[in-house]
Amino acid sequence: MSTDTFKLGKNELIKQSFDQMDAHLQGTQYNPAQKLALTCRILFDNGHDSGLAGQITARGEKPGTYLTQRLGLGFDEICAGNLLLVNEDLEVLQGNGMANPANRFHSWLYRARPDVQCIIHTHAVHTAALSMLEIPLEISHMDNCVLYDDVAFLPKWPGVPVGNEEGELIAQAIGTKRAILLAHHGLLVACTSIEESCLLAIAFERTAKMQLLARAAGTIQPIDPTLGREAHDWILRAQRNAVGFAYYARRTLKKENHKNCLE
């Protein structure tokens, strides 16, 4: 590392920081089922609880399979041991019980996006409130730039989400982006790792809350697109996601009611 960093340009300092992240930041050693269970508990503690609504899934080892929670359990009750392994038709391959029939649109999205490893769909209250206005999510604050130019918007609500129509609709509407706001419904994030999906879901709900607060006070001003994209790439690093997830995992596991989620 240069000892005279005050003479370096911004791009050089960013690269230097990325190199340090690659060398020093480490995530967790949890297996996929444990990460998914932790994600359920983390999101429960961060405003994503809506009874039994919402689904969280992660690809299984075999193509065409994925892990998901059992219908009838809330996010705060999910453990690594009560997750289900299902196929694209939602047939249970491992575990007891049934998957949420609304998981059908996850199957469509996994088919359309080979890069996606984890999908989160929730009805977090601020996101749900924003979805009632039929307006897109606005990214206008530094902390929220992890979602900058990475959120699609679906203004049409197709009704009860158990048909193939919604799967086709969402898979087409999200395109190559990592997230989408579903009007009169909620949020969906689709990312390359469980950790990334978890953190983006948290960021999505926080952004919706900030948007509602800002709109109540005045007109939201846009940020410079170049700086928005720069901040997006700065925040959205695998190493940052890993340590961010590890932090939320530690915080969650300190709570007595969540200590069983790894079992």
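Shown above is the structure to which this text applies.
Student: What's the story with the overall build of the chain in this structure? I'm lost.
Tutor: If you tally the helices and strands in the chain, you get 8 helices and 8 strands. Since a compact globule built from 263 residues should have a radius of gyration of about 18 Å, the 19 Å found for the chain is in line with a globular shape. Counting the 263 residues in the chain, one finds 48% classified as buried. Partitioning the contacts of the chain with sequence separation of at least 6, the portion at a separation of at least 24 is 69%. Roughly 13,000 Å² of accessible area belongs to the chain as shown, and the carbon and sulfur atoms make up 53% of that amount.

Student: It is not clear to me how the pairing of strand E2 (residues 65–68) should be interpreted in this structure. Could you clarify?
Tutor: Remember that side chains alternate between the two faces of the sheet whenever the strand is regular. The alternating pattern of E2 places Thr65 and Leu67 and Tyr66 and Thr68 on opposite faces, both of which are buried. The sheet contact formed by strand E1 (residues 55–59) and E2 spans 3 bridges and is antiparallel. Residue Ala58 lies in a different strand from E2, and its bridge partner there is Leu67. In sequence, E1 turns back onto E2 through a hairpin of 5 residues, with Gly64 there showing a positive phi of about 80°. Bridge count between E2 and strand E3 (residues 84–87): 4 bridges; the pairing is antiparallel. Bridging from a neighbouring strand, Tyr66 pairs with Val86 of E3.

Student: What's the story with helix H2 (residues 32–45) in this structure? I'm lost.
Tutor: For H2, which comprises 14 residues, the first-to-last C-alpha distance of 20 Å matches the rise-based estimate of 20 Å (1.5 Å per residue) to within 8%. Here the buried face of H2 lies against E1, E2, strand E5 (118–122), helix H6 (194–217) and helix H8 (238–253). The N-capping residue of H2, defined by a side-chain oxygen 3.1 Å from the backbone nitrogen of Ala33, is Asn31.

Student: Hey, could you run me through unusual backbone geometry in this one?
Tutor: The phi angle of most residues is negative, glycine excepted, and most peptide bonds adopt the trans form. In this structure, Leu90 is a non-glycine residue whose phi angle is positive, near 70°. Position of Leu90 relative to the elements: it lies in the loop between E3 and strand E4 (92–94). The backbone phi angle of Asp149 is positive, close to 55°, even though this residue is not glycine. Relative to the helices and strands, Asp149 is located in the loop between helix H4 (125–131) and strand E6 (151–154).

Student: Looking at this structure, how should I read the sheet that holds E3?
Tutor: Remark on secondary structure: sheet strands pair via backbone hydrogen bonds, oriented parallel or antiparallel. Spatial strand order, E4-E3-E2-E1-E5-E8-E7-E6: 8 strands in an open sheet with mixed pairing. Every other strand in the sheet has two partners, leaving E4 and E6 as the edge strands with one partner each. Between one strand axis and the next, the sheet turns through 25° on average, direction left out of account. As defined by bridge partners, E6 adjoins strand E7 (residues 179–182) across 4 bridges and the pair is classed as parallel. Opposite Phe153, over in E7, you have Leu181 as the bridge partner. Where helix H5 (residues 164–174) meets the sheet, its contacts fall on E6, E7 and strand E8 (186–191), and the angle it forms with E6 comes to roughly 140°. Where H6 meets the sheet, it contacts E1, E5, E6, E7 and E8, and its direction lies at approximately 150° from that of E8.

Student: What am I meant to see in the state of the cysteines here?
Tutor: Put plainly, two cysteines are in a disulfide when a covalent bond ties their sulfur atoms together. Taken as a whole and assessed by the stated rule, the structure comprises 0 disulfides. No disulfide involves Cys191; its sulfur sits 7.4 Å from that of Cys118, the nearest cysteine. In this structure Cys261 is not part of a disulfide, and its nearest cysteine sulfur, from Cys79, lies 6.7 Å away. Taking relative accessible area as the criterion, Cys261 reaches 0% and is therefore assigned buried.

Student: I would appreciate a short explanation of the environment of Thr68 in the present structure.
Tutor: Inspection of the secondary structure puts Thr68 in strand E2. Looking at Thr68, the relative accessible area reads 0%, which means it is buried. Through-space distance from the C-alpha of Thr68 to that of Asn103 is 8.6 Å; in sequence the pair is 35 residues apart. Apart from the residues within four sequence positions on either side, Thr68 is in contact with Leu36, Ile56, Thr57, Leu83, Leu84, Val86, Ala99 and Asn103. A polar atom in the side chain of Thr68 sits 3.3 Å from the backbone oxygen of Ile56. A distance of 2.9 Å separates the side chain of Thr68 from the side chain of Asn103, its partner in a polar contact.

What counts and how
Residues numbered from 1 in each chain as written. Predicted model: local features only at pLDDT ≥ 70, side-chain atom pairs only at ≥ 80, totals over all residues. Heavy atoms only, no water. Helix = DSSP H or I, 4+ residues; strand = E, 2+ residues; numbered from the N terminus. Rg over C-alpha atoms; globule rule 2.2 N^0.38 Å. Buried < 20%, exposed > 50% of the residue type's maximum accessible area, 1.4 Å probe, protein only. Contact = heavy atoms within 4.5 Å. Areas by Shrake-Rupley, 256 points an atom, 1.4 Å probe, with all protein chains shown as cover. Pairing = 2+ DSSP bridges. Expected span 1.5 Å × (residues − 1). Polar contact = N/O pair within 3.5 Å; in protein donor to acceptor, adjacent residues only side chain to side chain. Axes fitted to C-alpha atoms, helices over the stretch in contact; angles between N-to-C directions. Disulfide = S-S within 2.5 Å.

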